[in-house]
Amino acid sequence: MSLESRFAHFSVRRPRVVLAAVALFIAVCAAVIFLRGKVDSDVLNLLPQRFASVRALKVYNREFSQAREITFALWDETHEADLDAFAEYFGDALRKEPWVVRVLDRSPMDEPGGAREMQRLAVPLLLDQEPAGFGKTLQALAPDAITKRFALKRAEMEAGSPKAEMELTFDPLGIVTPILTQFSSSFSAENTRPMASPDGTLRVVVALSAETALDEKACTETLRKVEDFKARVLAGWTGGAAPRVLVTGRIAYVGELAGGMKQDMLATLAGSLVLVSGVFLAGFRRIRPLLAILGVLILCCLGAVAAGIVCFQRLNLITIGLCSILVGLGVDFGMLLYGSYQANRHCGLDHPAATADSAHRLGRGILFGASTTAAAFLSLLLSESLGFAQLGVLIGIGILLAAALMLTVFYVFIGSGYQPGGRDPLLAATQSWLDHTLATPKPAAFGALAVLLAATVFAIAPVGKVRFEANPQSLEPPNSHAGFALRKIKEKLISGKAEPVLAIVQGSGTADFHAQWTAAQTHWQAAKDAGEIAGFSTPAAFAFSPERTAANLATLASLDTAASRQALQTALDANGFDPEPFQNAFDVLNAMETLRRGDRAPLDWRSVLPEASSWRFILDRFLSSTPNIGAAYITPNRTIATPSEQAALRRVLDTPGIRPWYTGWSYVMADLVPWSQGKLVELSAAMVLFNIVLLVFMYRAVAPLAVLMLSLGLSIGAMIAGLKLTGLPLNLFNVLSFPLVLGVGVDYGIYVVLAVRQSDGARRVPASIVKPVLLSGLTTIAGFGSLGWANHPALSSLGLVCALGVACCLFSTLFFILPAYLWKGYR
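This is a predicted model, so every value here is computed, not measured. (Residues numbered from 1 in each chain as written. Predicted model: local features only at pLDDT ≥ 70, side-chain atom pairs only at ≥ 80, totals over all residues. Heavy atoms only, no water.)

For the overall build of the protein, give the residues involved together with the corresponding values.
Looking only at helices and strands, the protein has 32 helices and twelve strands in total. Projecting the C-alpha coordinates of the protein onto the three principal axes gives extents of approximately 120 × 55 × 50 Å. Within the protein, the proportion of its 827 residues that are buried is 56%. Long-range contacts, defined here as pairs at least 24 residues apart, represent 82% of the contacts in the protein between residues at least 6 apart. For the protein, the exposed surface amounts to about 33400 Å²; the carbon and sulfur share of it is 61%. Computed over 71 positive and 65 negative side-chain charges, the separation of the two mean positions in the protein equals 14 Å. (Helix = DSSP H or I, 4+ residues; strand = E, 2+ residues; numbered from the N terminus. Buried < 20%, exposed > 50% of the residue type's maximum accessible area, 1.4 Å probe, protein only. Contact = heavy atoms within 4.5 Å. Areas by Shrake-Rupley, 256 points an atom, 1.4 Å probe, with all protein chains shown as cover. Lys, Arg positive; Asp, Glu negative; His and termini not counted. Charge placed at Lys NZ, Arg CZ, Asp CG, Glu CD.)

Tell me what's going on with the packing of helix H19 (residues 441-460) against helix H32 (residues 793-824), and back it up with residues and numbers.
Orientation of H19 relative to H32, taken along the N-to-C sense of each, is 145°, at an axis distance of 8 Å. Handedness of the crossing formed by H19 with H32: left-handed. Along the contact surface, H19 presents Pro 441, Lys 442, Ala 444, Ala 445, Phe 446, Ala 448, Leu 449, Val 451 and Leu 452, while H32 presents Phe 811, Ser 812, Phe 815, Phe 816, Pro 819, Ala 820, Leu 822 and Trp 823. Of the residues assigned to the contact of H19 with H32, the class counts are 15 nonpolar, one polar and one charged. (Axes fitted to C-alpha atoms, helices over the stretch in contact; angles between N-to-C directions. Left-handed = near helix turned anticlockwise from the far one by under 90°. Nonpolar A, V, L, I, M, F, W, Y, C, P; charged D, E, K, R; others polar.)

Help me get a handle on the confidence of the model for the protein, residues and values and all.
On average, residues of the protein carry a pLDDT of 83, and 92% of them reach 70 or more. Mean pLDDT across the secondary structure elements of the protein bottoms out at helix H10 (residues 189-192), with 48, and peaks at strand E5 (residues 244-248), with 93. (pLDDT = per-residue confidence, 0-100.)

With reference to specific residues and values, describe the sheet that holds strand E2 (residues 69-75).
Spatially, the four strands line up as an open sheet ordered E3-E4-E2-E5, and their pairing is antiparallel. Two strands lie at the open edges of the sheet, namely strand E3 (100-104) and E5, each paired on one side alone. The sheet shows a mean angle of 25° between the axes of neighbouring strands, taken without regard to direction. By the bridge criterion, seven bridges tie E2 to strand E4 (residues 202-209) in an arrangement that is antiparallel. Pairing of Ile 70 across the sheet is with Ala 207, part of E4. (Pairing = 2+ DSSP bridges.)

Break down the environment of Leu 46 for me, citing the residues and quoting the values.
Checked against the element boundaries, Leu 46 lands in the loop between strand E1 (38-40) and helix H3 (52-63). Residue class for Leu 46 comes out buried when judged on its relative accessible area of 1%. Between the C-alpha atom of Leu 46 and that of Gly 387, which follows or precedes it by 341 residues, the distance is 4.5 Å.

Account for helix H21 (residues 510-529), with residues named and values stated.
One turn of an α-helix holds 3.6 residues; hence residues three or four places apart share an orientation. Look at H21: 29 Å from first C-alpha to last across 20 residues, which is about the 28 Å you get at 1.5 Å a residue. Within H21, burial applies to Asp 512, Phe 513, His 514, Gln 516, Trp 517, Ala 520, Gln 521, Trp 524 and Ala 527. (Expected span 1.5 Å × (residues − 1).)

Describe in detail the packing of aromatic side chains, supporting the description with residues and values.
Going through the model one piece at a time under the given rule, you end up with 26 aromatic pairs. Measuring from ring centre to ring centre gives 5.3 Å for Phe 622 and Tyr 633, while their planes differ by 80°; the resulting arrangement is edge-to-face. Linking Phe 622 in the loop between helix H26 (615-620) and strand E10 (629-635) with Tyr 633 in strand E10, this pair joins segments that are eleven residues apart in sequence. Here the aromatic cluster, defined as three or more aromatic residues joined through ring pairs, consists of Phe 72, Phe 86, Tyr 89, Phe 90, Trp 99, Phe 229 and Trp 237. Looking at Arg 154, its charged tip hangs above the ring of Phe 577, at a distance of 4.5 Å from the centre. (Phe/Tyr/Trp six-rings, centres within 6.5 Å; stacked < 30°, edge-to-face > 60°. Lys NZ or Arg CZ within 6 Å of the ring centre and 35° of its normal.)

For the sheet that holds strand E9 (residues 535-537), give the residues involved together with the corresponding values.
Across the sheet, four strands lie side by side as E9-E10-E8-E11; this open sheet has antiparallel pairing. Two strands close off the open sheet at either side, each with one partner strand: E9 and strand E11 (661-663). Averaged over all neighbouring strand pairs, the angle between strand axes comes to 20°, with direction disregarded. Across three bridges, the pairing between E9 and E10 is antiparallel. Bridging across to E10, Phe 536 finds its partner in Ile 634.

Just give me the short version of unusual backbone geometry, but keep the residues and values in it.
For His 79, which is not a glycine, the phi torsion comes out positive at approximately 65°. Note on placement: His 79 falls in the loop between E2 and helix H4 (83-95). With a phi close to 65°, Asn 628 is a non-glycine residue in the positive phi region. Structurally, Asn 628 is set in the loop between H26 and E10.

Residue-level account of helix H27 (residues 643-653), with values.
Inspection of H27 places Gln 646, Ala 647, Leu 649, Val 652 and Leu 653 among the buried residues, and these make up the whole buried set. Looking at the buried residues of H27, the elements they touch are strand E8 (501-506), H21, E10, E11 and helix H28 (665-699).

Describe the nonpolar core, naming the residues involved and giving the relevant values.
Phe 333, Phe 377, Phe 410, Tyr 411 and Leu 672 are the most contacted members of the largest nonpolar core, which has 131 residues in total. Among residues more than four places away in sequence, those in contact with Tyr 411 are Ala 8, Val 12, Leu 337, Tyr 341, His 351, Thr 355, Ser 358, Ala 359 and Met 406. One finds Ala 56, Phe 134, Leu 502 and Val 505 within the second-largest nonpolar core, a separate group that totals 74 residues. (Core = buried A, V, L, I, M, F, W, Y, C linked by side-chain atoms within 4.5 Å.)

Tell me about the pattern of salt bridges, and please be specific about residues and values.
Summed over all chains, the structure comprises 29 salt bridges. Here Asp 587 ties to Arg 116 by a salt bridge, and the two come within 2.5 Å at their closest N and O atoms. Taken as a pair, Asp 587 in helix H24 (residues 583-596) and Arg 116 in helix H5 (residues 114-127) lie far apart in primary sequence, 471 residues in all. The class of Asp 587 is buried, set by a relative accessible area of 19%. One salt bridge connects Arg 232 with Asp 228, and the closest N-O pair in it is separated by 2.9 Å. With Arg 232 and Asp 228 both in helix H11 (residues 216-235) and four residues apart, the pair spans about one turn of that helix. A residue is classified by how much of its surface remains accessible, and Arg 232, at 41% relative accessible area, is partly exposed. Here the salt bridges do not stand alone but share partners, grouping Asp 92, Arg 95, Asp 105, Arg 106 and Glu 111 into one network. (Salt bridge = Lys/Arg side-chain N within 4 Å of Asp/Glu carboxyl O.)

Any details on the packing of H27 against H28? Residues and values, ideally.
The interhelical angle for the contact between H27 and H28, taken along N-to-C directions, is 135°, at an axis separation of 9 Å. With respect to each other, H27 and H28 are oriented oblique. For H27 against H28, the interelement crossing comes out left-handed. Facing H27, whose interface residues are Pro 643, Gln 646 and Arg 650, H28 presents Tyr 667, Ala 670, Asp 671 and Pro 674. Taken together, the residues that form the contact of H27 with H28 break down as four nonpolar, one polar and two charged. (Parallel < 35°, antiparallel > 145°, perpendicular 65-115°, else oblique.)

So what about the pairing of E3? Which residues, and what values?
In terms of burial, E3 is largely enclosed, as four of its five residues are buried. With four bridges joining them, E3 and E4 adopt antiparallel strand pairing. Bridged to Arg 102 within E4 is Leu 208.

Just give me the short version of a nonpolar patch on the surface, but keep the residues and values in it.
Taken together, Leu 281, Ile 287 and Leu 291 make up a surface patch of nonpolar side chains, about 270 Å² in accessible area. Looking at Ile 287, the relative accessible area reads 52%, which means it is exposed. (Patch = residues over 30% accessible without salt bridge, like charges linked within 9 Å, V, L, I, M, F, W, Y side chains within 5 Å.)

So what about the environment of Lys 528? Which residues, and what values?
Tracing the sequence through the fold places Lys 528 in helix H21. On the basis of relative accessible area, Lys 528 is assigned to the partly exposed category, the value being 37%. Separated by 109 residues in the primary sequence, Lys 528 and Asn 637 place their C-alpha atoms 9.8 Å from one another.

Can you explain the side chain of Ser 711? Please cite residues and give values.
Locating Ser 711 in the fold gives a position in helix H29 (residues 702-726). Other than its neighbours up to four places away in sequence, Ser 711 contacts Ser 812, Thr 813, Phe 816 and Ile 817.

Could you give an account of the side chain of Glu 593, naming the residues involved and the relevant values?
Mapped onto the secondary structure, Glu 593 falls in helix H24. You can call Glu 593 buried: its relative accessible area is 18%. Sequence-distant contacts of Glu 593, that is, excluding residues within four places in its chain, are made with Thr 561 and Arg 565.

Just give me the short version of the pairing of E5, but keep the residues and values in it.
For E5, the buried fraction is high: four of the five residues fall into the buried class. Sheet topology places E2 next to E5; five bridges connect them, and they run antiparallel. Bridge assignment links Leu 74 to a residue of E5, and that residue is Val 245.

Spelled out as structure tokens, the structure:
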């Protein structure tokens, strides 16, 4: 008695022991899932981490507060709504929300108190000037200079000069305007944060969420508050037609994905169960074995998910397809075993004997099939994508569990009370087709070969094209509201402009941070002047030199701030000015006095700006909350689309002495497209090699192995032809379906070997084996195809491409391999 038969025999003899073990298994898995289970909804974790561009994008999301920003787009294509009035109403209402820290709905200079806050920002810029420039600043702060400036500006105002009044209001002391040139040469709010579209149909409002956690639960709750706010603010608007309010940002994406993941899991699992159950009932017309199979598959799903949580702690959004795929693949083993078991019972064997015989005949083949399928999915560990590595490990574990449990627990679940049924039309039809194929195997084999060859020729011919989507949009759900909002903002605000590339620089200290950004600013300005890039914005203005600051602080000791403050007050009184609008000048002098006393707080813009200041939106885009990490935004002449364009831009930007990380979605995609295509070849080759090694051990003959490998090759050709005909696109992730199809498709060849080995000489091939092979192929197609209902394109497209590939493998197995084996008499 074989080992498989021994296990099956033990199960039916000791059912209570087996059921007790099942109960313990369920309890352990449930405890692991409910106590330790967490979901990872970060799309970036699906990408291969070996690329510096991917790691830099994660650093950008983690270190810069833009990850907590919620961007609202107020859109009215009809021009019926008063966008300016609605934007003001919307921004004022948003500021009152308790979950909002600050709001940006206009230029920071136009905000109440914005000009005064600009004066506070000017202080560290003043102290970072070259010594000669700071010397001029101190001269302007001398009491005599203040008195002369106010007298001069009063005279110019009396002469009718509006410019003099503007200059005096904005820069009373005459020291801020010169350094704004340095500030604007580094970056500007309008260049990096446009707030309105040129055609007047869209306005942007940005809010910073008070929620610091960015996991799926926190993002879902914040998005709920956003939707509630939208409903309230639209209901309260009384100014006529209201624009459409769109929402985007990381919080919106994660909140959408978190809700979509649950829906996807339920929809794909329900779809898979319905389709698989329908196929089984059509083939066997029995309820109890179907329930037994589904019970075993639920155990497999529990075990796989629990094992995944133990291995990875967090399961990502790709693994939600686990259960659907497992149902479609694992049911194969149950149908094969039940088909053989049913035939044995028809022949008069009792329950233990029928169980042992079916396990003996099919057990080894099922274990081989489970090994090839598990190896196919485990090959995803080589993909360097954590999302697909998780999926591969979980399904590999689940498939091996399915093989083991079907050979043991399944027999306990079906029980011993088998009742012979009536005539089986499908079995009879299958047997009739097999008898006909056995009578004319050569024409049948060559007919199928002709069809497969024609499909393969079409696949490689320059007719039609397999679409490859190398767009970040292919990674987001097709009905994503956040994705639509982002695309609409890009269309309206930056249409015609190249997508920017980010350069992130981390300094080892303040001096190194300053040196790197100074070098980058100089080098990139030369590149812009030469036309090699379209533009750039950097945080160089706020990458202060500690040496210059220290030297200027020493010089500052010579300034009599009390005398300057008195001169300012006297000048205001003498020229008849109200002191209130000039408080910003007093703020600067007070800051200088604070610095003279040794308190360097005025040099830290984070401490001098109020938390609600909209200037923080501008600075936070360039400066991380972690010291000495900054980001620049470079606009290339055209959006990066290929690795060669990426390399060319990198050569232009690379600067001696700086160590930037370049990233941005277009830049990342230029890395990922060659990666995905390379992984397609690498994993497919590894899977082919594994199949050959395993099948050599099983077949121990060259000819049948060659037939099977030829069939697999032609099936892949037919699969590519199907992609051309259907227009189903490939993307960064569903290219990994090819090694999966190679691993799953070879199973049917193994099952056909089982059928031929059990054939009665040259007279008859048992339909009790071939019929389950047909049904198992259909259920696998159903399992993968049910992923088409998933909302996430990475998962849905993977399922559809795999379903197409498995269908091609099933056709080549039944209509080419089986006739060829019968024709040549391979045993």
